[in-house]
Amino acid sequence: MEPHELAIAAKYVGAGLAAIGTGAAGIGVGTLFGQFLNGALRNPSAVEGQFGRLIFGFAVTEALGIFALLIAFLLLFAV
Amino acid sequence: MATESGPAIDPIHQFALHPVVSILVAGHDVSLTNSGLFMLLAVALTCLLVAIGARGGSGVPGRLQAMAEMSYEFIAGMVRSAAGETGMRFFPFVFAIFFFVLVTNLLGFFPYTFSVTSQIIITAALALMVFLTVIVIGIKEHGLHFFKLFVPPGVPIYILPLVVAIEIISFLSRPVSHSVRLFANMLAGHITLNVFGAFVVMLLGATAAIKALAVLPFLMTIGLEALELLVAFLQAYVFAMLTCMYLNDALHPGH
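Calculation notes
Residues numbered from 1 in each chain as written. Chains lettered and ligands numbered in written order. Predicted model: local features only at pLDDT ≥ 70, side-chain atom pairs only at ≥ 80, totals over all residues. Helix = DSSP H or I, 4+ residues; strand = E, 2+ residues; numbered from the N terminus. Buried ≥ 20, exposed ≤ 12 C-beta atoms within 10 Å, placed from the backbone. Contact = placed C-beta atoms within 7 Å. Core = buried A, V, L, I, M, F, W, Y, C linked by C-beta atoms within 7 Å. Axes fitted to C-alpha atoms, helices over the stretch in contact; angles between N-to-C directions. Parallel < 35°, antiparallel > 145°, perpendicular 65-115°, else oblique. Left-handed = near helix turned anticlockwise from the far one by under 90°. Nonpolar A, V, L, I, M, F, W, Y, C, P; charged D, E, K, R; others polar.

Undergrad: Explain the overall build of chain B to me, using residue names and the numbers behind them.
TA: When helices and strands are tallied, chain B shows 8 helices and 4 strands. For chain B, the N- to C-terminal ordering of α and β elements is β-β-β-β-α-α-α-α-α-α-α-α. Overall, chain B is about 70 × 60 × 45 Å in size when its C-alpha atoms are taken along their principal axes. Per-residue burial for chain B yields a buried fraction of 30% across its 255 residues. Residue pairs in contact within chain B that sit at least 24 positions apart in sequence constitute 64% of those at least 6 positions apart.

The following block contains the structure:
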């Protein structure tokens, strides 16, 4: 294989590996909402006050998945 | 969200800067770019909303006035809960940051527009502004007490050096995570939308039997658009919320 072809292959492999990170963020978001629902069903009256924190946690967790997706996109389209 | 010229996927093209009005001052290129144009537009829209909303006059608030009041209450509540009553003197700062980010995020949704917050230089400038404000205010208000921020109370003395080192690193990496979070969300969102949009174009260019499949990525694009709308608001909220939390560190270090 030519070195140039090898670099292209490595680029796609790297993008695929980077996309694994989005799955990890999926675990995080799932845990977040699962735990929230768990707490919310035990004490429904507290849901209103904690909704902001839920959304904040979601945004911060989801951002990490987006970082991984960004690396994948940069490898695919910008490198 | 630039449109595709051909079936080839080129989602990065939409983030290219190009001059709208070319201006040369003493050999330096200070042209008004599409980025600058949309920043000015965002500032103008925000000023217009607040100026018309705050005009008052009638006893019954109209839609714009209600919206301006609600946004005031929203930001004021956020600043109070995160930075306390003393943080309210930073209310204009947080309000400006929130609305700049929100309006530029939302403007990026219209086709043929430019998403300012998908440029790392813009978000980095905003995050550095917050970071430097925190340091300057913290040292001005508390002097050397500000550095108690790096020494959490109740930590045993033998692991204290390690904890202080971690605290300092986490403090210094704040502007990085603060800016990259917003930038990466907007960039990845716009690229995703563009890629799925290109799938529709590619499928429509195929034979009749495959053409019908173009509905699937189209529906996906609609779903993603809804998600991105949520993300645009959330990231503006998170950006402003983190600004409040960092300002809280400057106002009340050692908590």
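Undergrad: Can you explain the nonpolar core? Please cite residues and give values.
TA: Core analysis: the biggest nonpolar cluster contains 57 residues, and Val94, Phe98, Ala184 and Ala240 of chain B have the highest contact counts within it. Contributing elements (two or more residues each) for this core: helix 2 (47-78) of chain A together with helix 1 (34-53), helix 2 (63-83), helix 3 (91-107), helix 4 (120-142), helix 6 (174-204) and helix 8 (215-251) of chain B. Ranked by residue count, the leading element in this core is helix 8 of chain B, at 14 residues. When residues no more than four places from it in sequence are discounted, the contact partners of Ala184 of chain B are Ala63, Ile66, Phe67 and Leu70 of chain A.

Undergrad: Describe the environment of Gly154 of chain B, with residues and values.
TA: If you trace the backbone, Gly154 of chain B turns up in the loop between helix 4 and helix 5 (160-172). Taking C-alpha positions, Gly154 of chain B is 37 Å from Glu73 of chain B, a pair spaced 81 residues apart along the chain.

Undergrad: Could you give me a rundown of the interface of chain B and chain A, with the residues and numbers involved?
TA: Contact residues are listed per partner, giving 13 residues for chain B and 12 residues for chain A. Of all the elements in the fold, those that place two or more residues in the side of chain B that touches chain A are helix 6 and helix 8 of chain B.

Undergrad: Please give an account of the packing of helix 4 of chain B against helix 8 of chain B that cites residues and values.
TA: Residue and element names in this part refer to chain B. Helix 8 packs onto helix 4 with a crossing angle of 20 degrees between their chain directions and a minimal axis gap of 8 Å. In terms of orientation, helix 4 lies roughly parallel with respect to helix 8. Read as a crossing pair, helix 4 and helix 8 show a hand that is right-handed. Within the contact between the two elements, helix 4 uses Val130, Val134, Ile137, Gly138 and Glu141 and helix 8 uses Thr243, Tyr246, Leu247, Asp249, Ala250 and Leu251. A per-class count over the contact of helix 4 with helix 8 returns 7 nonpolar, 2 polar and 2 charged.

Undergrad: Any chance you could break down unusual backbone geometry for me, citing the residues and the numbers?
TA: Residues and elements named next belong to chain B. For Tyr112, which is not glycine, the phi dihedral falls at a positive 70 degrees. Within the fold, Tyr112 resides in the loop between helix 3 and helix 4. What makes Tyr112 exposed here is the crowd of 9 C-beta atoms within 10 Å.

Undergrad: Could you give an account of the packing of helix 4 of chain B against helix 6 of chain B, with specific residues and numbers?
TA: Residue and element names in this part refer to chain B. Running from amino to carboxyl end, helix 4 crosses helix 6 at an angle of 145 degrees, the nearest separation of the two axes being 8 Å. At the point where helix 4 passes helix 6, the crossing takes the right-handed sense. Residue-level contacts link Ile120, Thr123, Ala124, Leu126, Ala127, Leu128, Val130 and Phe131 of helix 4 to Arg174, Pro175, His178, Ser179, Leu182 and Phe183 of helix 6. Considering only residue class, the contact of helix 4 with helix 6 consists of 10 nonpolar, 3 polar and 1 charged.

Undergrad: If you had to explain the environment of Ala76 of chain B to someone new, which residues and values would you point to?
TA: For Ala76 of chain B, the position within the fold is in helix 2. Exposure remark for Ala76 of chain B: the 14 C-beta atoms within 10 Å place this residue in the partly exposed category.

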